[in-house]
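Next come the chains, spelled out residue by residue.
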Amino acid sequence: MVNIERLKKLREDKKMTQVRLGIELGVSQETISGYEINKAVPPADMLVKLADCLDTSIDYLLGRTDIKKFNTINKSDLSETETELISRFRQLSDTKKERVMGFIMGLSE
């Protein structure tokens, strides 16, 4: 069963209406509503489309994991330097974050 709260929250986080999501998936607003109120269960191919459209994993939609994105990096995957860099980056103002990103992009060219 699809975790209906997650489905609705993901859609709302993307600022999508049921109509818009239906258009993206090629189904009606009524179909999306049915999924969100647990009146209908999306078939496997629709789960794939929902996960892709909402930028998440099928496992997250089904409530099998609490990790929203399948490409999430775990802290244990980071070196001490990477962890420190992320920590310091998060403390910067938006303007300084943009400057840092510009600098990094320049280095990677």
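Refer to the structure printed above.
A few points on the structure. (Residues numbered from 1 in each chain as written. Predicted model: local features only at pLDDT ≥ 70, side-chain atom pairs only at ≥ 80, totals over all residues. Heavy atoms only, no water.)

### Examining the pattern of salt bridges
Here is step 1: Tallied over the entire structure, the rule returns 7 salt bridges.
Here is step 2: Ionic pairing is found between Arg11 and Glu36, a salt bridge with its closest N-O pair at 2.5 Å. Placement of Arg11 in helix 1 (residues 4–13) and of Glu36 in helix 3 (residues 29–36) is noted, with a sequence separation of 25 residues between them.
Here is step 3: Between Lys68 and Asp13 there is a salt bridge; the shortest N-O distance is 4.0 Å. Taken as a pair, Lys68 in the loop between helix 5 (58–62) and helix 6 (80–90) and Asp13 in helix 1 lie far apart in primary sequence, 55 residues in all.
Here is step 4: With relative accessibility at 40%, the residue Asp13 sits in the partly exposed group. (Salt bridge = Lys/Arg side-chain N within 4 Å of Asp/Glu carboxyl O. Helix = DSSP H or I, 4+ residues; strand = E, 2+ residues; numbered from the N terminus. Buried < 20%, exposed > 50% of the residue type's maximum accessible area, 1.4 Å probe, protein only.)

### Remarks on the side chain of Glu36
Here is step 1: Taking relative accessible area as the criterion, Glu36 reaches 8% and is therefore assigned buried.
Here is step 2: Beyond its immediate chain neighbours, meaning those up to four positions away, Glu36 contacts Ile4, Leu7, Lys8, Arg11 and Gln18. (Contact = heavy atoms within 4.5 Å.)

### Considerations on a nonpolar patch on the surface
Here is step 1: Taken together, the side chains of Met101, Phe103, Ile104, Met105 and Leu107 present a nonpolar region at the surface, about 520 Å² in accessible area.
Here is step 2: A relative accessible area of 48% means that Met105 is categorised as partly exposed. (Patch = residues over 30% accessible without salt bridge, like charges linked within 9 Å, V, L, I, M, F, W, Y side chains within 5 Å. Areas by Shrake-Rupley, 256 points an atom, 1.4 Å probe, with all protein chains shown as cover.)

### Topic: the nonpolar core
Here is step 1: Counting residues in hydrophobic clusters, the biggest one holds 16 residues, and the most contacted among them are Leu7, Leu21, Leu25, Tyr35, Leu50, Leu54 and Leu61.
Here is step 2: Listed by contribution, the elements that provide at least two residues to this core are helix 1, helix 2 (18–25), helix 3, helix 4 (44–53) and helix 5.
Here is step 3: Top contributing element to this core by residue count: helix 4, with 5 residues.
Here is step 4: Residues contacting Leu50, with those up to four places away along its chain left out, are Leu7, Leu21, Leu25, Tyr35, Pro42 and Leu61. (Core = buried A, V, L, I, M, F, W, Y, C linked by side-chain atoms within 4.5 Å.)

### Details of the environment of Ile86
Here is step 1: Mapped onto the secondary structure, Ile86 falls in helix 6.
Here is step 2: Residue classification places Ile86 among the partly exposed positions, given a relative accessible area of 36%.
Here is step 3: In sequence terms Ile86 and Ser76 are 10 residues apart; their C-alpha atoms lie 13 Å from each other.

### Looking at the packing of aromatic side chains
Here is step 1: On inspection of all chains with the given rule, the structure shows 0 aromatic pairs.
Here is step 2: Over the ring of Tyr60 we find Arg6, and its NZ or CZ is 4.0 Å from the ring centre. (Phe/Tyr/Trp six-rings, centres within 6.5 Å; stacked < 30°, edge-to-face > 60°. Lys NZ or Arg CZ within 6 Å of the ring centre and 35° of its normal.)

That is the geometry; function is a separate question.
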